[in-house]
Amino acid sequence: MKALARDTAIYGLSSIVGRFLNYLLVPLYTHYMPKASGDYGVSTNVYAYTALFLVLLTFGMETTFFRFANKQQTDPQPEGESASTVFSTAMAVVGVLTAIFLVLVFAFISPISNALGYADHPDYLQMMAVVVALDALQAIPFSYLRYQKRALRFAMLKMLFIVLNIGLNLLYFVVLGKTSVFYVFFINLLCTAFITLFFIPDLLRIHWHFDGRLLHSMLSYSWPILILGVAGILNQVADKIVFPLVYPDEAEANVQLGIYGSCVKIAMIMAMITQAFRYAYEPIVFAKSGDADKKEYYATAMKYFLVFTLLAFLCVMGWMPVLKHIIGADYREGLAVVPIVMAAEIMMGIYFNLSFWYKLIDKTIYGAIFSLAGCAVLFAVNILFIPRYGYMACAWGGVAGYGTAMVLSYIVGQRQNPIPYPMKDMAIYTLVTALLFAAMLLTAAHLPTWLQLVLNTVLILLFVAVIIKRDLPLGSLPVVGRYFR
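K.L.:
Explanation requested: the packing of helix 7 (residues 122-147) against helix 8 (residues 151-175) in the structure shown.
P.N.:
Helix packing geometry: the angle between the two helix axes and the distance between the axes. In contact at an axis separation of 8 Å, helix 7 and helix 8 are set at 145° when each is read in the N-to-C sense. Side by side, helix 7 and helix 8 meet where Phe142, Leu145 and Arg146 of the first sit next to Arg153, Phe154, Leu157 and Lys158 of the second. In terms of residue class, the contact of helix 7 with helix 8 is built from four nonpolar, no polar and three charged.

K.L.:
Just to check I follow, could you spell out a nonpolar patch on the surface for this structure?
P.N.:
Taken together, the side chains of Leu160, Phe194, Leu197, Phe198, Ile200 and Leu204 present a nonpolar region at the surface, about 550 Å² in accessible area. Broken down by secondary-structure element, the contributors of at least two residues to the nonpolar patch are helix 9 (181-197) and helix 10 (200-205). By secondary structure assignment, the location of Leu197 is in helix 9.

K.L.:
Please explain empty space enclosed by the protein as it appears in this structure.
P.N.:
Remark: the empty space left among the atoms is shown by a probe the size of a water molecule rolled over them. Summed over all chains, the structure comprises two cavities of 30 Å³ or more. In this model, the second largest cavity occupies a volume close to 30 Å³. Around the second largest cavity, the lining residues are Leu354, Trp357, Ser409, Tyr410, Gly413, Gln414, Asn417, Ile419 and Tyr421. Ranked by the residues each element gives to the lining of the second largest cavity, the list is headed by helix 19 (residues 391-416), at four residues. Looking at the lining of the second largest cavity, its residues break down into five nonpolar, four polar and no charged.

K.L.:
Sorry, what's going on with the layout of surface pockets here?
P.N.:
Approximately 450 Å³ is the volume found for the second largest pocket. Taken together, 20 residues line the second largest pocket, and the ones lying closest to its centre are Leu306, Ile346, Ile350, Met406 and Thr430. Every element with two or more residues in the lining of the second largest pocket is listed here: helix 14 (294-318), helix 16 (337-354), helix 19 and helix 20 (423-444). A per-element tally of the lining of the second largest pocket places helix 20 first, with seven residues. Counted by class, the lining of the second largest pocket contains 18 nonpolar, two polar and no charged residues.

About the thresholds
- Residues numbered from 1 in each chain as written.
- Predicted model: local features only at pLDDT ≥ 70, side-chain atom pairs only at ≥ 80, totals over all residues.
- Heavy atoms only, no water.
- Axes fitted to C-alpha atoms, helices over the stretch in contact; angles between N-to-C directions.
- Helix = DSSP H or I, 4+ residues; strand = E, 2+ residues; numbered from the N terminus.
- Contact = heavy atoms within 4.5 Å.
- Nonpolar A, V, L, I, M, F, W, Y, C, P; charged D, E, K, R; others polar.
- Patch = residues over 30% accessible without salt bridge, like charges linked within 9 Å, V, L, I, M, F, W, Y side chains within 5 Å.
- Areas by Shrake-Rupley, 256 points an atom, 1.4 Å probe, with all protein chains shown as cover.
- Salt bridge = Lys/Arg side-chain N within 4 Å of Asp/Glu carboxyl O.
- 1 Å grid on protein atoms, 1.4 Å probe; cavity = no way out; pocket = protein on both sides within 12 Å on 5 of 7 lines; lining within 4 Å.
- Points joined across faces, edges and corners; volume = space filled by probe spheres on them.

Quick look at the structure:
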């Protein structure tokens, strides 16, 4: 647990600082790209496609790499060599898929851009195709850094990308006055290409060895992960892809999508926490797969994950009067989606934690089934209700989709590979969070902003007090611990 906390802190710091700095781009974009232009909606839509294709091109090889790199430690070969073989094989898969993808996009750019509604701007799609290809090629080296416990190098490269990206955006939008969405994509391409260069020394040091039989085993393991990943990413981006296709007013679609996309950025702190936890947790889970206390460890990690995501939820909602200024005033009409999207992200995080029961017994097909079921529910909600309820249907669709996958994974998992999750404790924390959030909502309309913030902060500290009282062993900490005994 100490190792998990340490690595989560490193990954989390880079994610938290990075996301905070990226938040600076939201007021920048929402100020220089007015709501009526629909440019922010275009950005939201194109990045949704980018996220989907990134999952397709990585082909589940990030998780597969961890699984087989740890398996190879029992091989008579030196550990580094066997891990290098797994790395080489995974890179071969991603490299071939990336090459095919780029050839198809550039060969058929006209029909593709026409079909997606970008007939006048095929360059948007070409630039982002190269970006997603480079991101896919970076994915396995980044996983190798996590496998080697090189969290600092991982975090530094992620931060370098973010700082460079923000600097160039400020240069183009503020100094040079280049405010078209074209420059959003162009800057992303420059930064991604630059970060790719830093992996060249690491790639040159790798002992490259392709193993055909290993490839067959890895593909057998990864294709359900791919389906799981596609369904999972569709749960995150399907609303942004479907929205322009089903919204009744075609001219207004990108405007409304821009409102939704900007407000969702505030809720993404939950996705940031989940991602930081995943970066640290995934390698440890596979490494502990042979330990006698593994189930107790997984159960404890689940509880702490839920507790701190609920704390993050209360912090965001309690300080919404301040956080809402992240986005331009024209976009704030969509802030009602924030708590709904955050709840969906918590469900997604729980589902991720639940997913290890089938990954560890090599039954990843279950994950594919659960994710596809959730995805089907999400698509149904979006297609049926977006024409009537607009982007609010997108937010509730996420809750319905993630909720479905989460419940299915828990029910089947407890039958196939039961883990003693502390359900009573988790239910108590959820109930306390719901009561505190209700108190925030009930008092919001009757108090001035400063008093609202004071009250909400007190409510947040009350939740922290519950955590300390029930589950945070501050008394065991060195030096400061004596004050909590």
